[in-house]
Amino acid sequence: VLFNSLEEMDKSGITFEFYGSNGKEASQSIVAVPMLLHGKVSGMISAQSYKPDAYTKDDQYLLELLASHAAIAMENSRLFTTIQYLADTDPLTGILTRRKFYELAEREFNHAKRYTRPLSVMMLDVDEFKKFNDRFGHHVGDLVLKLVVSQCKLSLREVDIFGRLGGEEFSVALPNTDLERAVQVAERLSRLVKEAVLNEAENLFEMATGDKPEKDSLKISVSIVVAACDDSCKNIDVLMDHADRAMYSVKNKGRNQISVWRNGQ
């Protein structure tokens, strides 16, 4: 639209949001064009002037060109954001991918080192996960992973960094958290998984298959290891390696337990 007087604006029947502090009298001319992309309106660009007869058709044409470029830029930004989200997010569980987890955990590690703040990491492994896929199918296995993740989130804060390392293995970076506090988080998380997930898993299994599972066949537990950043940790990889080595020890001891990495282990 292009109006060069208040009279033209009034006759148009269009309600305008005028610039300036004096209300309607502040703007005497207005030109407004839609931001079009693929035949759809994504926004509006307008210019206003305190003087009458301020704009011409050429001005409107230039604004239309600007609007078309702005619409393309906004769409590109939206697509980039979507692609970035897909790259950073595990499609099954909705938490961070391995790559994004390490990226954020490294950032937090550097922050902790710089400001001498505690940092702990947890590594979680769903015990005997293969049995769910083998006995009940991958659909039930996927449900188990999603249920474990949902229970883990109940124990975690907004600032905690939670990611899926691969398969049934997950990791959490706990900023401003010492070893003692991290163990408490691990204990609560383990309890929530064992107590709350079982009933929900049985219900979902029955819904998915039409059969009622055998008693105790869907018991779910996790093995958890905890490691705290210390002087031996020169980077996030060393800290994660401590947790990984402790997890290897847990698996050899029978699973369904919490283990703590200690120097010299």
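Residues numbered from 1 in each chain as written. Predicted model: local features only at pLDDT ≥ 70, side-chain atom pairs only at ≥ 80, totals over all residues. Heavy atoms only, no water.

A.B. asks: Can you lay out a nonpolar patch on the surface for me, pointing to particular residues and giving the numbers?
C.D. replies: There is a patch of nonpolar side chains on the surface, built from Tyr61, Leu62 and Leu65 and spanning about 310 Å² of accessible area. Note that Leu65 resides in helix 2 (residues 57-88). Overall, Leu65 belongs to the partly exposed group, its relative accessible area being 36%. (Patch = residues over 30% accessible without salt bridge, like charges linked within 9 Å, V, L, I, M, F, W, Y side chains within 5 Å. Areas by Shrake-Rupley, 256 points an atom, 1.4 Å probe, with all protein chains shown as cover. Salt bridge = Lys/Arg side-chain N within 4 Å of Asp/Glu carboxyl O. Helix = DSSP H or I, 4+ residues; strand = E, 2+ residues; numbered from the N terminus. Buried < 20%, exposed > 50% of the residue type's maximum accessible area, 1.4 Å probe, protein only.)

A.B. asks: Account for the packing of helix 3 (residues 98-115) against helix 7 (residues 236-253), naming residues and giving values.
C.D. replies: Relative orientation of the contacting elements helix 3 and helix 7 amounts to 110°, with a least axis distance of 9 Å. Taken together, the axis directions place helix 3 and helix 7 in an arrangement best described as roughly perpendicular. For the pair formed by helix 3 and helix 7, the contact residues are Phe101, Tyr102, Ala105, Glu106 and Phe109 on the first element and Ile236, Asp237, Leu239 and Met240 on the second. Grouping the constituent residues of the contact of helix 3 with helix 7 by class yields seven nonpolar, no polar and two charged. (Axes fitted to C-alpha atoms, helices over the stretch in contact; angles between N-to-C directions. Parallel < 35°, antiparallel > 145°, perpendicular 65-115°, else oblique. Contact = heavy atoms within 4.5 Å. Nonpolar A, V, L, I, M, F, W, Y, C, P; charged D, E, K, R; others polar.)

A.B. asks: A description of the sheet that holds strand 6 (residues 169-175) should follow, citing residues and the corresponding values.
C.D. replies: Strands sit in the order 5-6-4-7-8 across an open sheet of five strands; the sheet is mixed. Sheet topology places strand 5 (161-166) and strand 8 (258-260) at the edges, where each strand pairs with a single neighbour. Strand-to-strand twist across the sheet, computed as the mean angle between neighbouring axes with direction ignored, equals 20°. Relative to strand 7 (residues 222-228), strand 4 (residues 119-126) runs antiparallel, the two sharing seven bridges. Residue pairing across strands places Met122 opposite Val226, the latter belonging to strand 7. (Pairing = 2+ DSSP bridges.)

A.B. asks: Quick rundown of the environment of Asp230? Include the residues and the values.
C.D. replies: Structurally, Asp230 can be placed in the loop between strand 7 and helix 7. In the structure, Asp230 is positioned 117 residues away from Lys113 in sequence and 9.3 Å away in space, judged by C-alpha atoms. There is a polar contact of 2.5 Å between the side chain of Asp230 and the side chain of Ser232. (Polar contact = N/O pair within 3.5 Å; in protein donor to acceptor, adjacent residues only side chain to side chain.)

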